[in-house]
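These are the residues of each chain, in order.
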Number of protein chains: 2
Amino acid sequence: MPYNKINEDIITQLKAIVGAENVITSKEAMEDYSHDEYAPDWVKHYPEAVVKPKSTEEVSRVLKLASKEKIPVTPRGGATGLTGACIPVCGGISLSLEKMKKVIEVDKENMMAVVEPGLTLKEFYTAIEKFNLYFPPHPGDESAMIGGVIATNAGGARAVKYGVIRNFIKGIECVLADGTVMEVGGKLIKNSTGYNLLNLIIGSEGTLCVVTRAIISLIPPPKAIMTLIVPYNSLHDAIKTIPVIMANNFIPMAVEFIEKDVLFVTEKYLDKTWPCRQGEADLMIILDGESEDEIMKTAEKIGELCLANNAIDVFISDNKDKQAEILKIRSEIYEAIKQHTLEILDVTVPRSKIAELVDAIHVIEEKYKVWLPTFGHAADGNVHTHIMKAVREGDNWKETPEAEWKAKYHLILDEIYKAGKDLNGIISGEHGIGILKKDYLAMSIGEAQVTVMKKIKRALDPDNILNPGKIFDL
Amino acid sequence: MPYNKINEDIITQLKAIVGAENVITSKEAMEDYSHDEYAPDWVKHYPEAVVKPKSTEEVSRVLKLASKEKIPVTPRGGATGLTGACIPVCGGISLSLEKMKKVIEVDKENMMAVVEPGLTLKEFYTAIEKFNLYFPPHPGDESAMIGGVIATNAGGARAVKYGVIRNFIKGIECVLADGTVMEVGGKLIKNSTGYNLLNLIIGSEGTLCVVTRAIISLIPPPKAIMTLIVPYNSLHDAIKTIPVIMANNFIPMAVEFIEKDVLFVTEKYLDKTWPCRQGEADLMIILDGESEDEIMKTAEKIGELCLANNAIDVFISDNKDKQAEILKIRSEIYEAIKQHTLEILDVTVPRSKIAELVDAIHVIEEKYKVWLPTFGHAADGNVHTHIMKAVREGDNWKETPEAEWKAKYHLILDEIYKAGKDLNGIISGEHGIGILKKDYLAMSIGEAQVTVMKKIKRALDPDNILNPGKIFDL
């Protein structure tokens, strides 16, 4: 172990930097900081201390100290991640950004906001709403913090038309492993001034620096939104409609595909009703635009394209409450099956290959006699397959014996990742690598890339202080 | 000098790799490879050999040889750059990608093209047109090659709605300094699988790798396009209209601002007529959309917003030939003043700060008694100021004595870059750094970023073989 342990002297120094009330060392109080939203028990790990800086300067001083003393530092946002990326697997400091949550500025003229990393998405959406501005990305859990969604380059359903987090971050202030404060980018739309460090930092999962401020571009809110639910007898037909819609120059805000079985489970869990029961799989298409009339015209044209591609029917909802209910059912599928879920995957393939990937997953289901509920972002090629430790029997769950699911888990994972790779896909479209996927990184993207990533990591953080054990092992 | 010279033995080995006909060593034949589109004489530099590989494998073998023999390699595309980035300032090999120009695939379903780096933009636009697909970025000179526009992250006028080159490149195959072939990304819309090497490579000006293949996302062509010319008595009023247009959720394809004096020079040069003579400065707004009717409605609403913000008049052109003529005048301003231009700048500031930057430039003009023709991409904050070695006297040019412009050149440059910096801008929005701007890099973005960039460069190219002397000095 190349790291030093945190001793009393270091605790005293940390307290001097951030204040005694912002250093936690009791095991009980640190439990929350030992896991993320979805990490299985075997990934759980306690930090030696939780440290909550209140300013960039404090972050810098903590990192200088950690660098000098060779203590690992694991940055932490809302801990809504699904790959264990904020778990301090090497001990040391859990650096929680929760106290840095200011909205520093909302600049109407440039349509940009400047915020601190500990602000939650929910707080951010609320803060900009009163300026009549809008932030399209919606990675799902609104308790995620800005720093965290930058660290994973989060995506979500609304990425089809507007793109992922990466497309909206224009500037970052961050602190490097040695405590250097670095500003990158600005309120700028174009930038060809040297290497693009901004995009290197976005998605680097806290392994290259700690983000302490972000400049985020915004758009005016859509004037109207409409949701289409389109049932099909075959997922293939559903998926095949999407390139047709896009080629006709209709770019929806979101296009989701959902197989019916998992919808029925969620309906029951939430005691809510999905708009239609026919068919095997649905597309959920969200449109936005300048007016109700304009979107209705688009919705009708898209509906025709769907029907021409074997859709059974088209349900259009322009009622706000009904749309919210549909979205809630879609968003809570995750909650409905969570207690029986081992891991949520986010394999991403070219848009045209989704149906083939889902076919491959059904073959794997048959082979291992498991249920692998699958749904996802159809226009992005981003497929969420859930590896479960229970199966459905009618309306009930039947737990799989631990020995059995443990025996199957990695075999299933291997096969799904291989299926994605064979379709020219990758292992993560939006969740990141963290701990859970790092053994598959080289298989997914090739040794050459992993070697380059490690060289960059070593060049910027030679003592491997920042979030060690994530993405890859050095 | 840490590099070795190319000797006869190395020439023999290079000929064995790419074929004797693809190795040039005569000084006369190498003249073309000693400069780019705009490099002043003092930047001109001959390579020791021009090498034209025909495949990725040949690129890899050339780089392996160059690495072993410590010979610098400067990749070269269409040489339409404006910063000297493709000039082999340390001698060695000029690696011209001109023979790698295949369109490998146009994938209609995923709306992506796979192409080689030596394909020109003009050839690329033509190749995808027959598939009814469209590539929005238009950096200006259509003889630019794909590899070059990736190397500088080129921009252009159409970036307002659709973004710059970076936004369209989804995958790259490249060769690292040691000859390793690396594939990054794919036909993928979402990707959070490790560090984002794709965006690190885009804009790295051939200093980190040689791009040998690119996967480029495309869109369906706009069904209709319309051009508005809006004259104002004050550039301030023109600039102030832009946030108003954007806040009303109208996102034009392009928004250019042009001061009248430079337009008149270009009219005369081309013997063509600009739509209006009134006012001091014009906005040129290009709209695209689903139908003529839809765009006309938008154009009328934008026209009203302009008039409410002190526009003198609004000229709307939906005639294809007339629009082409307007665009030609705008595009050829550069040609009209080129022979008297020392350097074309591309300072970029927040959109709201353009008018203040242009004011500062007018003050500098007064101070140094020079003409600094300025126009640019108004919605991007990307301002093209030209440093001249002549002034206008009525309809004629008057050459400035060499001693005088030489004395003023860097003083003017210093002041313009400082003015941009004071407005939270950067020195390059789309041209890159190359040789011409590297002395200003640290001033523009801070020492911390430059230090990180150098660490990355050293980590990936420890012998500094790839395009040495560009962006920064190691």
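Each value, and the rule that gives it
Position numbers for residues start from 1 in each chain and track the written sequence from start to end. Each chain takes a letter, starting from A, and each ligand takes a number, starting from 1, following the order in which they are written. A pLDDT threshold of at least 70 governs which residues receive local features in this predicted model, and a stricter bar of 80 or more applies before side-chain atom pairs are shown or counted, although totals over entire chains, interfaces and linings include all residues. Hydrogens are left out, water is left out, and the side-chain values use all remaining heavy atoms of the structure. By definition, residues are in contact when any of their heavy atoms lie within 4.5 Å. Buried surface area refers to the total accessible area, computed with a probe of radius 1.4 Å, that the two partners give up upon joining, counted for both partners together. Whenever a carboxyl oxygen of Asp or Glu lies within 4 Å of a side-chain nitrogen of Lys or Arg, that contact is scored as a salt bridge. Numbering of helices and strands runs from the N terminus, with a helix taken as a DSSP run of H or I at least four residues long and a strand as a DSSP run of E at least two residues long. Copy-to-copy superposition: least squares on the C-alpha atoms, limited to residues that have pLDDT of at least 70 in both copies. A 1.4 Å probe rolled over the protein chains alone gives each residue an accessible area, and that area as a share of the maximum for its type sets the label: buried under 20%, exposed over 50%, partly exposed in between. Whether two strands pair depends on DSSP finding at least two bridges between them. Axis definition: a line fitted to C-alpha atoms, over the contacting stretch in the case of helices. Angles run 0 to 180 degrees between N-to-C directions. Pairing of aromatic rings covers Phe, Tyr and Trp, the last through its six-membered ring, and needs centres within 6.5 Å; plane angles under 30 degrees mean stacked, over 60 mean edge-to-face, and all others mean tilted. Any Lys NZ or Arg CZ found within 6 Å of a ring centre and within 35 degrees of that ring's normal is scored as a charge over the ring.

Enquirer: Any chance you could break down the interface of chain A and chain B for me, citing the residues and the numbers?
Expert: Taken residue by residue, the interface counts 81 residues in chain A and 81 residues in chain B. Both faces combined, the contact of chain A with chain B buries some 6100 Å², and carbon together with sulfur accounts for 60% of it. For the interface between chain A and chain B, the tally reads four salt bridges. Between Asp380(A) and Lys190(B) there is a salt bridge, with the nearest N and O atoms lying 3.0 Å from each other. Contributing elements (two or more residues each) for the side of chain A that touches chain B: strand 8 (181-185), helix 7 (197-201), helix 8 (235-247), helix 14 (441-445) and helix 15 (447-460) of chain A. The dominant element in the side of chain A that touches chain B, judged by the number of residues it contributes, is helix 15 of chain A, at nine residues.

Enquirer: How would you sum up the relation of the copies chain A and chain B? Please name residues and give values.
Expert: Both copies of the chain are related by one operation, a rotation about an axis with a shift along it. The two copies are related by a screw motion: chain A maps onto chain B through a turn of 180 degrees and a shift of 0.0 Å along the axis, at an RMSD of 0.0 Å. Look at the turn and shift together and you get a two-fold axis relating the two. A share of 100% of the interface residues of chain A reappears at the interface of chain B, consistent with the copies meeting face to face through the same patch.

Enquirer: Describe helix 9 (residues 260-270) of chain B, with residues and values.
Expert: When helix 9 of chain B is considered as a whole, its buried residues turn out to be Lys260(B), Val262(B), Leu263(B), Val265(B), Thr266(B), Glu267(B) and Leu270(B). Asp271(B), located one to two residues past helix 9 of chain B, shows a positive phi value of around 55 degrees.

Enquirer: Let's hear about the side chain of Thr385(B): which residues, and what values?
Expert: Residues and elements named next belong to chain B. The residue Thr 385 is located in strand 17 (residues 382-388) in this model. Looking at Thr 385, the relative accessible area reads 2%, which means it is buried. For Thr 385, the contacting residues outside a window of four places in its chain are Glu 343, Ile 344, Leu 345, Ile 361, Leu 372, Pro 373, Thr 374 and Ile 416.

Enquirer: How would you summarise the sheet that holds strand 3 (residues 73-76) of chain B if you had to cite specific residues and measurements?
Expert: Strands in a sheet are paired, the pairing made by backbone hydrogen bonds, and the direction either parallel or antiparallel. Residue and element names in this part refer to chain B. The mixed open sheet is built from four strands, whose spatial order is 1-2-4-3. Each edge of the open sheet is held by one strand with a lone partner, namely strand 1 (23-24) and strand 3. With three bridges connecting them, strand 2 (residues 49-51) and strand 4 (residues 93-96) associate as parallel partners. Bridging across to strand 4, Ala 49 finds its partner in Ile 93. Along the sheet face, helix 3 (residues 56-69) touches strand 2, strand 3 and strand 4 and points at about 165 degrees away from the line of strand 4.

Enquirer: I'd love a proper account of the pairing of strand 18 (residues 390-393) of chain B, names of residues and values included.
Expert: Residues and elements named next belong to chain B. Pairing between strand 18 and strand 19 (residues 396-399): four bridges, direction antiparallel. Its bridge partner being in strand 19, Ala 390 is matched across the sheet by Glu 399. Between strand 18 and the antiparallel strand that follows it, strand 19, lie two residues; Gly 394 among them carries a positive phi value of about 60 degrees.

Enquirer: Describe the sheet that holds strand 7 (residues 169-176) of chain A, naming the residues involved and giving the relevant values.
Expert: Residue and element names in this part refer to chain A. Strand order in the open sheet formed by five strands is 5-6-9-7-8, and the pairing between neighbours is antiparallel. Of all strands in the sheet, those bounded by a partner on one side alone are strand 5 (103-107) and strand 8. The average undirected angle you get between the axes of adjacent strands in this sheet is 15 degrees. When strand 5 meets strand 6 (residues 112-115), the two strands line up antiparallel, connected through four bridges. When the sheet's bridge partners are listed, Val 106 is paired in strand 6 with Ala 113. Where helix 3 (residues 56-69) meets the sheet, it contacts strand 7, strand 8 and strand 9 (209-217), and its direction lies at approximately 40 degrees from that of strand 7. Running over the sheet, helix 4 (residues 121-129) touches strand 5, strand 6 and strand 9 and is turned about 135 degrees from strand 6.

Enquirer: Kindly report on the packing of aromatic side chains, identifying the contributing residues and their values.
Expert: All names here are of chain A. All told, the structure shown has 14 aromatic pairs over all chains when counted by the stated rule. Ring centres of Tyr 417 and Tyr 440 lie 4.7 Å apart, and the angle between their planes is 70 degrees; on these two criteria the pair is classed as edge-to-face. In this pair, Tyr 417 is assigned in helix 13 (residues 402-422) and Tyr 440 in the loop between helix 13 and helix 14, connecting sequence segments 23 residues apart. Look at Tyr 417 and you get buried, because its relative accessible area is 2%. A network of ring pairs unites the aromatic residues Phe 124, Tyr 125, Phe 135 and Phe 168 as a single cluster. In this structure, Arg 392 is placed above the aromatic ring of Trp 397, and the distance from its NZ or CZ to the ring centre is 5.0 Å.

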